[in-house]
Amino acid sequence: MQRVACAYLVTLLCTAGAALTACHRSEQRQQYGSATVYGTAPAGNHAVAPPAASPADDGNWTMPSKDYAATRFSGLNQINPGNVSKLALSFTFSTATTHGYEAPPLVVNNTMYLITPFPNYLYALDLTKPGAPTKWVFKPKPVAASQGVACCDTVNRGAVYDNGKIFFNTLDGQTIAVDADSGQQVWRTQLGDIQKGETITMAPLVAGGKVLVGNSGGEMGVRGWVAALDEGSGKLAWRAFNTGPDKDVLIGSRFKPFYKSDQGKDLGVKTWPPEAWKIGGGTVWGWLSYDPETKLIYYGVGNPGPWNPDQRPGDNKWTTGVFARDVSTGEAVWFYQTTPHDLFDHDDINEIILADIPWNGQRRPVMFRPARAGFFYVQDRRTGQVLSAAPYGYVNGYRGVDLKTGQIIPNHDKDPKVGRVVRDICPAAPGLKDWNPSAFSPVTGLVYIPHNNLCMDFGAMQANYISGTPYVGADVKMYAGPGGNRGAFTAWDPIHQKKVWEIPEDLPLWSPALVTAGGVVFYGTMDGWFKAVDARTGKQLWQFKAGSGIIGQPISYKGPDGRQYIAFVAGVGGWAGAVVSAKMDTRDPTGALGFVNAVKDLPQKTTAGGMLYVFTLPR
Amino acid sequence: MTELERVRAEDQRLAKERQRIARDGPKLTGAKLEARLERTWRRPPGILGWLATVDHKEIGRRYIITALLFLALGGMLSLAMRLQLAQPDSNLISPQRYNELFTMHGSTMMFLFAVPVMEGVAVFIIPLMLGTRSTAFPRLNAFSYYMYLFGGLLLWVAFLLNIGPDIGWFAYTPLSGPQFSPGKRADIWAQMITFTEVSALAAAVVLICTILKARAPGMTLARMPLFAWAMLVVAVMIVFSMPSIALCSGMLISDRLVGTQFYNHYEHGDALLWQHLFWFFGHPEVYIIFLPATGFVSVITETFCRRPIFAYPVVVLALISTGILAFGLWVHHMFATGLPRVGYSFYTSASMTVAIPTGLQIFCWLATMWDGRPRFQVPMLYVVGFIVTFVIGGLSGVIIASVPLDLQLHDTYFIVAHFHYVLIGGAVFPLLGILTYWFPKITGRMMSETLGKIGFWMLFLGFQLAFFPMHFAGLLGMPRRVYTYPAGLGLELPNLLSTIGAFVVATAVGLFVVNGLYSLYRGAIAPPNPWEASTLEWATTSPPPPYNFAHVPVVDSKTPLWDAEGELPVVTGLRVDEKETLLTTVVAASPDLREPVPAASLWPLILSIAVAVFFISSIFSPWAVLFGSIPCAIAAAAWFWPKELNRNPEPVIT
Amino acid sequence: MSIQHYQSIFGNAATEVRQFNTLFVIFLVVCAVMYVAVIAFLIAGIARRRRAAEANTVEEGRHHESDPAMRTGLIAWGAVVGTGLVALAIASFVADRSMANAAAHEKLSITVTGNQWWWDVQYNAADNSKMVRTANELHLPVGVPVRIMLKSNDVIHSFWVPSLAGKQDLIPGRDTDITITPQKVGIYRGQCAEYCGAEHAKMALVVDVDSYPDFIKWWQHQLQTAPKPTTPLALAGYNYVTSRNCSACHAIAGTPASATVGPDLTHLASRRTLAASMPMSEGNLYGWVADPQSIKPGTKMPTIGLEPNELHAVVAYLETLK
Amino acid sequence: MSSRFRASLALLAVATLALAACDREERHSRAKPMGETVPAGTSPDTIWPGGTVPQTLDPRAKLYDNNAPAISQGQSLYSQMNCGGCHSHGGGGMGPALMDDEWRYGGRIDQIATSIAEGRPNGMPSWRSKLTEDQIWQLAAYVRSMSGQPSKDAVNSRADAMSATAPQTLTPRETVQTSDTAEQ
């Protein structure tokens with residue numbers, strides 16, 4: 001009897017031991033925050049920023065993308081890898097709002113401007129005085145009901161300063177110009193209609209005397225457009241729709257798309273079932289870029305509606321693609337469709353970085369696009385021809401991009417099917433990288449990409465359209481992609497299309513990146529860590545724990561005392577952080593269109609907030 | 001003490017022992033023996049004795065009466081349906097009520113009448129026909145009846161409370177799934193299946209063991225009556241088919257109660273999983289109903305043609321091959337579900353092949369009639385009615401076995417006609433015949449011949465009037481289970497005729513019941529063998545005493561009563577003061593063991609009540625599965641608690 | 001307009017149903033012969049009673065012997081039944097095969113989606129902007145093989161137009177299809193043949209087999225969006241329909257209402273039936289819009305309780321949707 | 001008929017009468033047209049000057065609150081009327097979570113019906129002109145089942161859809177609290 005008892009005890013002990021090691025091992029998955037280096041930054045001639053679109057840094061930060069080329073590169077170099085660890089807090093400011101803060105602080109003429117999420121207050125802080133007291137506050141008072149049609153948190157991606165005025169959009173679809181000094185309203189134009197489900201969350205772009213604004217509401221069956229308002233009067237100059245007949249899409253004689261599949265008459269109607277283009281999505285809620293030399297604006301178009309592809313057979317032109325238009329007349333010059341008949345809500349609104357690259361001997365004007373579908377596009381910005389497209393993370397939804405025809409090659413056993421859940425689609429609906437823009441350093445020639453690593457289960461169903469209500473037609477559950485890390489910060493060499501270094505992150509990265517001439521890259525994590533890493537090696541140099549998750553754009557500016565300051569606003573939210581900012585219940589994995597299943601632990605790791613942090617080197 | 005002396009001493013001790021204990025009461029004969037056996041085998045008195053009986057005749061009688069009650073209830077439902085369908089666009093009955101009606105009609109007829117009545121007749125007659133005193137596992141037999149009774153009560157009480165099922169008797173998912181059948185209607189149906197399936201399995205085990213181990217000595221397998229063969233094949237089919245429906249109804253209940261994903265096509269479950277599992281049980285089920293009827297026809301034809309069934313081995317092999325083939329053709333119920341066409345051709349040929357054994361059986365019956373001298377009393381009339389009606393159903397079955405034809409005829413009134421021809425024609429006609437045939441054995445009274453004949457002709461003609469027009473209704477495009485149909489499609493006449501026919505059939509069945517009840521009190525007193533039949537059940541009195549046979553008979557031919565000149569040779573040596581029966585070997589039926597027959601006990605009833613509470617409460621909460629099983633375990637333990645065998649061993653009678 | 005809706009197998013209006021009819025006749029003949037043989041043998045068995053002397057019965061003490069002819073009769077019977085069944089099986093395979101490869105080269109593709117108690121019909125086209133959506137009705141060009149893809153949004157239904165072809169189930173989560181080659185111009189009626197809930201009996205559809213030019217004319221007409229109402233009553237009806245309950249479930253091309261839960265109403269008035277059960281007429285339209293629950297109790301369309309003036313307006317507008 | 005048989009028949013009759021009370025399955029398909037009356041919802045629990053006013057529960061509540069067909073119809077309306085787009089399967093999103101215990105505008109069935117019919121300022125649309133009263137109360141009954149309020153045998157365990165929240169037959173009943181930190 002004894003022998004049996006002690007045999008029993010022994011087995012009990014070793015099973016307990018095994019259990020302990022198993023859960024221990026799962027704890028220290030590969031250490032987050034430490035970079036794995038794959039190669040070195042390209043020596044010799046590498047990509048540089050186009051001089052017209054990316055003028056020398058004057059210490060100000062007048063638009064979210066820093067310059068028309070959307071480099072998010074600051075020319076200041078007082079802060080360098082050597083002294084960045086000695087950064088100290090200069091001052092803070094609370095925006096008194098708790099939704100996702102995705103905008104950057106703007107700095108011009110020694111004044112900092114902050115635009116908050118709903119109810120979209122605009123603060124002006126006087127940087128000359130210690131503690132930057134508030135000069136004035138402008139309250140646009142947007143309609144409260146607009147919160148009911150804002151699909152992915154009531155965010156605002158930023159305001160823009162241009163010759164004396166601050167331009168910004170409100171959630172209920174108005175574009176407002178405010179005098180930068182007095183804080184008085186100059187003009188206000190109503191562009192969107194919340195009854196149809198339209199909201200505006202993007203940062204406008206001021207170029208060629210025009211304020212360019214696009215709508216959001218792809219999930220509400222809103223028909224997407226981009227509009228240009230006269231900078232002085234706010235009157236509508238032109239509006240180009242992204243679906244419908246050619247006259248609505250402002251397609252005329254100048255329109256020469258590079259690939260045959262994008263050529264044809266009234267494709268905005270022909271590639272849709274009848275009448276479906278009227279509720280077909282294709283909103284513009286992301287980033288625009290402008291090339292002053294050619295006077296062309298570039299922007300990406302959002303996903304077609306509804307998410308259920310079977311309900312909109314055809315290529316669904318002109319959604320999920322890139323338009324180049326003349327800034328003054330809005331006439332389309334070329335278009336490239338990234339994902340015809342989009343299957344997984346891969347809006348193509350990501351940032352478009354203009355650059356010149358060495359191309360057999362001479363300089364070729366291109367654009368870099370780390371797209372949502374997971375491929376890093378390098379395209380000639382005069383014609384839209386795809387020069388190269390390599391995946392910058394794990395992708396199994398698509399097999400690749402055929403460079404001859406420019407067509408993306410889908411992986412048909414991941415095609416969504418009504419009535420049956422398709423599992424393990426990577427990247428998930430938010431894409432390999434969502435709206436949070438990357439930064440490009442002409443000094444190192446690398447593009448610094450804060451992105452996520454998520455896969456999803458996708459169950460399509462028939463969507464019912466009622467204007468002003470969500471028109472999605474899919475149940476989604478997202479979860480961490482291969483490797484178990486839900487995010488990654490990748491330094492990408494656009495010429496040789498390969499990773500230079502990559503930092504795996506536990507939570508998805510939803511904050512834009514900032515790179516400085518001093519060779520330091522700044523980004524924030526969703527649980528509130530603001531990190532500085534070496535632009536060449538990716539080694540972490542310094543980090544600071546903010547009060548809430550960071551999804552706002554960090555900036556670097558020269559203060560009135562000539563010193564370099566780093567500033568950002570911490571306030572978790574957006575699609576990824578809605579589980580915290582909208583107080584959602586994590587027992588429902590399909591919440592926030594499936595994102596809750598991927599970030600069930602976020603409510604334990606951060607709370608909502610809206611706090612400005614400004615750092616500088618101690619005297 | 002040498003070995004020899006020791007053995008001799010042992011013999012003397014046993015011999016003295018034998019004198020002291022009354023064994024087969026060599027001194028007891030005739031009335032005294034029967035009185036003594038009566039006192040041993042009598043049912044304990046009073047209501048508790050009535051509930052605790054394990055006498056297979058009591059349980060068989062209850063099975064038959066309950067099943068006939070459900071036949072009447074199901075029949076009334078069909079009359080209500082026929083009234084609603086008498087004219088086009090009628091709103092006599094609301095759609096919801098009509099859907100409940102046809103679901104209850106189907107479920108009652110299939111699960112609460114057809115299978116139980118066959119088991120009931122078998123449980124009553126098989127021990128008598130095999131010449132033994134009791135079935136094997138008599139308490140399990142009692143338990144089987146109570147489970148069947150509680151299953152029927154569950155379904156019908158729910159129907160009266162307006163929470164009856166409205167999902168059809170085969171409850172296809174996803175209509176019967178959690179989303180499209182709110183409330184507890186579908187759960188009650190699925191739990192009724194669990195009840196009847198446990199009862200059928202129990203009865204099948206009882207029948208298999210009785211047929212294989214309790215036959216009269218000398219009744220080898222080759223001399224066993226054809227009805228016993230039919231019930232053996234049916235019991236084995238029950239054992240192999242019931243688990244399939246237990247599985248799918250269990251999965252349906254867990255889908256509906258705790259949200260598992262078995263039939264959820266979104267989470268890679270499949271709506272067709274239900275159909276495959278259901279019909280894998282479904283088709284053997286209809287043969288479980290039909291094969292006993294072939295046994296009945298063989299018994300009646302043999303007796304009324306005054307000669308054994310022609311080609312006995314062919315009929316036996318036909319029964320066995322029908323039993324086996326029945327498991328290979330369930331997909332012919334699913335020809336319209338878009339499965340691969342090549343697969344369908346296998347099932348077409350399997351469905352055609354199953355017609356051959358039945359065809360051979362029919363030839364053998366006709367040959368027996370041709371070679372014998374048939375006397376057309378009521379049972380034989382039902383056999384002739386069976387041949388005329390069932391063969392139409394069988395041939396329409398061959399028609400719908402072909403895929404292209406079934407694609408037009410599936411789920412139309414052509415199918416309703418087909419299965420009524422094979423089920424009423426194939427099973428109810430022989431059943432009414434055999435009830436008339438064995439009524440004297442069960443009640444001791446003869447049923448009236450004139451009332452019987454009137455009833456037969458009314459049933460036969462009423463049946464053709466009711467169900468033949470349904471073939472045309474199907475061809476004219478009337479789908480199954482529609483609570484109404486528009487005017488102008490030519491469906492008015494067939495439906496009107498069917499309604500009239502239905503009422504004629506109802507009166508005919510009513511007449512049969514009246515004939516039964518009347519004969520119960522004023523029928524002629526039945527001698528032991530009124531039909532001069534050949535099988536052993538006619539060797540005892542009508543109704544048989546509790547112990548069936550004073551002495552277990554010995555058999556040496558297929559038709560013992562016809563071949564035994566004087567008295568049947570018998571076996572002596574079974575105890576008189578204890579309930580004891582004789583077990584014989586499986587093939588040769590040579591005497592093997594003396595088996596003590598369990599006394600009457602209330603535990604089967606108590607266990608079935610506990611199981612009923614367990615099943616019904618697990619419709620409402622998953623915790624019932626845990627807490628409900630404790631009383632069941634206690635009752636089962638009490639039932640199987642070993643009785644200490646204080647009696648000393650008995651020498652084997654050589 | 002009560003047209004004789006033809007819903008019977010004898011409609012014989014397509015190659016599939018013609019193949020069925022020929023095969024059905026073959027089976028009927030063979031089965032009739034077998035039945036006559038059985039009944040003849042039965043009658044012989046009964047009539048033979050008069051020659052009692054030769055019967056081998058227990059009374060004559062000969063019940064253990066059998067007439068030797070019966071053994072050969074049994075073998076012959078088995079052979080006849082066997083060969084008859086094999087012949088029928090082969091005939092069935094041949095018919096099945098010819099139906100299967102008829103499905104290989106279809107010219108027109110339609111997707112029918114079953115819902116609880118109505119049919120959502122969608123004509124697919126290479127040029128997606130030429131797709132047509134209608135309900136409870138099919139227009140087929142005569143002589144052109146058409147492949148109908150069958151899907152279901154809720155439970156199992158079964159697509160069955162007896163005058164044209166056999167039935168095929170619509171199963172949620174599975175894609176099945178059926179090929180029909182109509183050969184005779186005319187109106188044929190079909191019905192759901194798999195029990196699908198409370199109103200399974202009122203889930204019918206009408207198939208209009210037209211000549212090719214008529215079919216093209218019908219298709220062009222279906223592509224047009226709904227005309228703007230002209231009379232004030234119809235305009236009031238338009239305002240009610242596009243702003244109130246109707247637009248939550250129904251779609252009318254050319255108006256803001258584009259919900260997909262209920263049938264598409266763009267060309268409602270030009271359809272032959274209403275609510276998958278009644279012939280289209282003004283009286284039926286009034287009855288149905290006023291109180292659908294009393295016509296099809298349990299249907300998903302609610303009884304809104306319209307005021308009389310609203311009812312007149314709505315029906316007036318619906319009748320402009322030709 | 002023997003006395004025993006008569007006794008058991010009487011017993012059966014009594015049992016059926018007793019059980020007839022549960023009309024959990026009553027499927028009233030509203031054959032009669034329904035006048036469009038405002039669901040007389042009450043305001044969320046607040047303070048009443050001069051003492052609380054006794055709240056009379058709307059008579060329609062008991063028709064819908066524990067009625068299986070109404071809850072099942074509410075479930076299909078919930079997905080067809082795009083409620084899932086904002087409230088997901090109860091977890092919330094654009095709209096507040098419905099499966100927890102916080103009810104800004106009251107968690108009783110008539111208060112929920114009022115929220116649906118009238119809409120609420122922070123973005124809940126008013127469905128009065130789009131849904132009939134019958135449908136609004138069915139939706140309210142289903143919304144209450146997300147937080148486990150109705151009895152477990154009136155709710156469906158799951159829908160034929162992607163599996164999201166735990167089966168409603170197993171969700172524990174949340175204790176409904178009226179107010180929550182109302183946002184701006």
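Now for a quick tour of the structure. Only a predicted model underlies this, so the values are computations on that prediction, with no experimental measurement involved.

The next subject is the packing of aromatic side chains. The geometry of an aromatic ring pair is captured by two quantities: the separation of the ring centres and the angle between the planes. For the structure on display, the rule yields 109 aromatic pairs over all chains. Between A:Trp318 and A:Phe335, the aromatic rings sit 5.0 Å apart at their centres with planes inclined by 85°, giving edge-to-face as the arrangement. Taken together, the residues A:Trp318 in the loop between β17 (296-300) and β18 (321-326) and A:Phe335 in strand β19 (residues 332-337) connect sequence positions 17 residues apart. The burial state of A:Trp318 is the same as that of A:Phe335; both residues are buried. Judged by centre distance (6.3 Å) and plane angle (80°), the ring pair of B:Tyr382 and B:Phe429 falls under edge-to-face. Of this pair, B:Tyr382 sits in helix α13 (residues 378-400) while B:Phe429 sits in helix α15 (residues 413-443), placing them 47 residues apart in sequence. You'll find B:Tyr382 and B:Phe429 in the same group, each marked buried. One aromatic cluster is present, formed by B:Phe111, B:Trp169, B:Phe170, B:Tyr172, B:Trp189, B:Tyr263, B:Trp274, B:Phe278, B:Trp279 and B:Phe281 through successive ring pairs.

With that settled, the discussion passes to the side chain of B:His105. All names here are of chain B. Note that His-105 resides in helix α5 (residues 95-130). A residue is classified by how much of its surface remains accessible, and His-105, at 15% relative accessible area, is buried. Here the side chain of His-105 touches Gly-74 through a polar contact of 3.0 Å, landing on its backbone oxygen. Beyond its immediate stretch of four places on either side in the chain, His-105 contacts Gly-74, Leu-77, Ser-78, Met-81 and His-420.

Between chain C and chain B, the contact holds 82 residues from the first and 86 residues from the second. Across the chain C/chain B interface, buried area totals approximately 7300 Å², and carbon plus sulfur atoms make up 69% of it. Salt-bridge contacts for B:Arg341 lead to C:Asp96; the nearest nitrogen and oxygen are separated by 2.7 Å. Taken together, the connections running from chain C to chain B amount to 29 residue pairs in polar contact (both at pLDDT 80 or more). Contributing elements (two or more residues each) for the side of chain C that touches chain B: α1 (15-47), α2 (68-102), β7 (168-170) and β9 (186-191) of chain C. Residues of the side of chain C that touches chain B, tallied by class, amount to 44 nonpolar, 22 polar and 16 charged.

With 14 residues of chain D in contact, the opposing surface of chain C contributes 17 residues. Our count for the contact surface shared by chain D and chain C stands at four residue pairs in polar contact (both at pLDDT 80 or more). Taken together, the residues of the side of chain D that touches chain C break down into five nonpolar, six polar and three charged.

Below, the discussion takes up the pattern of salt bridges. Residue and element names in this part refer to chain A. With the rule as written, the count across this model stands at 63 salt bridges over all chains. Between Arg-372 and Asp-434 there is a salt bridge, with the nearest N and O atoms lying 3.1 Å from each other. With a gap of 62 residues between them, Arg-372 in the loop between β21 (362-370) and β22 (375-380) and Asp-434 in the loop between β26 (422-425) and β27 (439-441) connect regions that are remote in the sequence. A residue is classified by how much of its surface remains accessible, and Arg-372, at 1% relative accessible area, is buried.

By size, the foremost hydrophobic cluster in this structure holds 279 residues, and its most contacted members are B:Phe227, B:Trp438 and C:Phe159. Broken down by element, the residue count for this core peaks at 22 residues, all from α5(B). Other than its neighbours up to four places away in sequence, C:Phe159 contacts C:Val112, C:Trp119, C:Leu138, C:Ile148, C:Leu150, C:Gly166, C:Lys167, C:Gln168, C:Leu170, C:Ile178, C:Ile180 and C:Leu205. In terms of nonpolar packing, the next biggest core, distinct from the first, is built from 98 residues, A:Ala177, A:Leu205, A:Leu267 and A:Leu602 among them.

Glancing now at the state of the cysteines. Taken as a whole, this structure holds two disulfides over all chains when the rule is applied. Shown here is the disulfide that connects A:Cys151 with A:Cys152, its sulfur atoms set 1.9 Å apart. Around the S-S axis, the bridge from A:Cys151 to A:Cys152 shows a dihedral of about -70° and counts as left-handed. Here A:Cys426 connects covalently by a disulfide to A:Cys455, the sulfurs 2.1 Å from one another. One quick way to see it: the torsion about the S-S bond of A:Cys426 and A:Cys455 is about 110°, and its sign makes the bridge right-handed. Here A:Cys426, found in the loop between β26 and β27, pairs with A:Cys455, found in strand β29 (residues 454-460); they are 29 residues apart in sequence, far enough to count as distant. You can call A:Cys426 buried: its relative accessible area is 1%. Once the disulfide-bonded cysteines of chain A are ranked by sequence position, their pairing pattern turns out to be 1-2, 3-4. Not part of a disulfide, C:Cys246 finds its nearest cysteine sulfur in C:Cys249, a span of 9.0 Å. Of the residues examined, C:Cys246 reaches a relative accessible area of 15% and is grouped as buried.

Definitions and cut-offs
Residues numbered from 1 in each chain as written. Chains lettered and ligands numbered in written order. Predicted model: local features only at pLDDT ≥ 70, side-chain atom pairs only at ≥ 80, totals over all residues. Heavy atoms only, no water. Phe/Tyr/Trp six-rings, centres within 6.5 Å; stacked < 30°, edge-to-face > 60°. Helix = DSSP H or I, 4+ residues; strand = E, 2+ residues; numbered from the N terminus. Buried < 20%, exposed > 50% of the residue type's maximum accessible area, 1.4 Å probe, protein only. Polar contact = N/O pair within 3.5 Å; in protein donor to acceptor, adjacent residues only side chain to side chain. Contact = heavy atoms within 4.5 Å. Buried area = accessible area lost by both parts, 1.4 Å probe. Salt bridge = Lys/Arg side-chain N within 4 Å of Asp/Glu carboxyl O. Nonpolar A, V, L, I, M, F, W, Y, C, P; charged D, E, K, R; others polar. Core = buried A, V, L, I, M, F, W, Y, C linked by side-chain atoms within 4.5 Å. Disulfide = S-S within 2.5 Å.

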